[in-house]
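Residues per chain, in single letters:
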Amino acid sequence: QVQLVESGGGLVLAGGSLRLSCAASVRAFSPYAMGWFRQAAGKEREFVATISSSGTRANLSNSVKGRFTISRDYAKNTVYLQMNSLKPEDTAVYYCAAGLAGGIVSQGYDYWGQGTRVTVSS
C-alpha cells in the first residue's frame, strides 16, 4: 500500500526545463528503489531513470543521459526528475514507480502513480 502522486508536468518549449516531483505516502521510504518511466502516444512505456533505495546509484536511459537528473529526498519522501534541454521527442506521460527490486524494467516496480503529462513544443 504505497501511493505515489506525480506533479510538475506541463507545456514547455524545446530547450526548456521542467522538474517533476513524485510524493510517496509510505511509512518507510528508504527500502524502495524509485523509477521514472514514460509513455508517448502510440508507443510502449519506456524506462527513463532509476535511483537505488540508498540513493547512491542512479541509471538513466541513453536518450536522456546528460540532460535529465534523478534525485530523492528522504525527509520529504519525494523523488525528483530534473529535465533540461527538453526535446519534442520527450513528450509523453511520465510515471513514477516504487519497488523493492527496481531496475530498468517495469517488472521491478510494484507501485505506480497516475502520471503527469509533459508536452514539449518545437
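Just so it is clear, the structure is predicted and the values come from calculations on it, not from any experiment.

Caption draft 1: Representation of the pattern of salt bridges in the model. By the definition in use, this model includes 3 salt bridges. The salt bridge involving Arg38 is made with Glu46; its shortest N-O contact spans 2.7 Å. Given the relative accessible area of 5%, Arg38 is considered buried. Judged by relative accessible area, Glu46 falls into the partly exposed class, the value being 36%. For Arg67, the salt bridge identified is with Asp90, shortest N-O distance 2.8 Å. Within this pair, whereas Arg67 is found in the loop between strand 6 (58–60) and strand 7 (68–73), its partner Asp90 is found in the loop between strand 8 (78–83) and strand 9 (92–99), the two being separated by 23 residues in sequence. Of the two residues, Arg67 and Asp90, both sit in the buried class. Here the salt bridges share partners, and the residues they tie into one network are Arg38, Glu46, Arg67 and Asp90.

Caption draft 2: Molecular detail of the pairing of strand 3 (residues 18–25). Where strand 1 (residues 3–7) and strand 3 come together, 5 bridges link them in antiparallel fashion. What sits directly across from Glu6, in strand 3, is Cys22. Judged from the 6 bridges that link them, strand 3 and strand 8 form a sheet pairing that is antiparallel. Along strand 8, the bridge assignment pairs Ala23 with Thr78.

Calculation criteria
The residue numbering used here restarts from 1 in each chain and proceeds along that chain's sequence as written. Owing to the predicted nature of the model, reporting of local features is limited to residues with pLDDT of at least 70; listing and counting of side-chain atom pairs is limited to 80 or more, with chain, interface and lining totals taken over all residues. Hydrogens and water molecules were not included; the side-chain quantities draw on all heavy atoms of the structure. What makes a salt bridge here is a side-chain nitrogen of Lys or Arg within 4 Å of a carboxyl oxygen of Asp or Glu, nothing more. When accessible area is computed with a 1.4 Å probe and restricted to protein chains, residues below 20% of their type maximum are described as buried, those above 50% as exposed, and intermediate ones as partly exposed. Helix and strand labels come from DSSP, where a helix needs a run of H or I of at least four residues and a strand needs a run of E of at least two; each type is numbered from the N terminus. Each pair of strands is called paired provided DSSP finds at least two bridges between the two strands.

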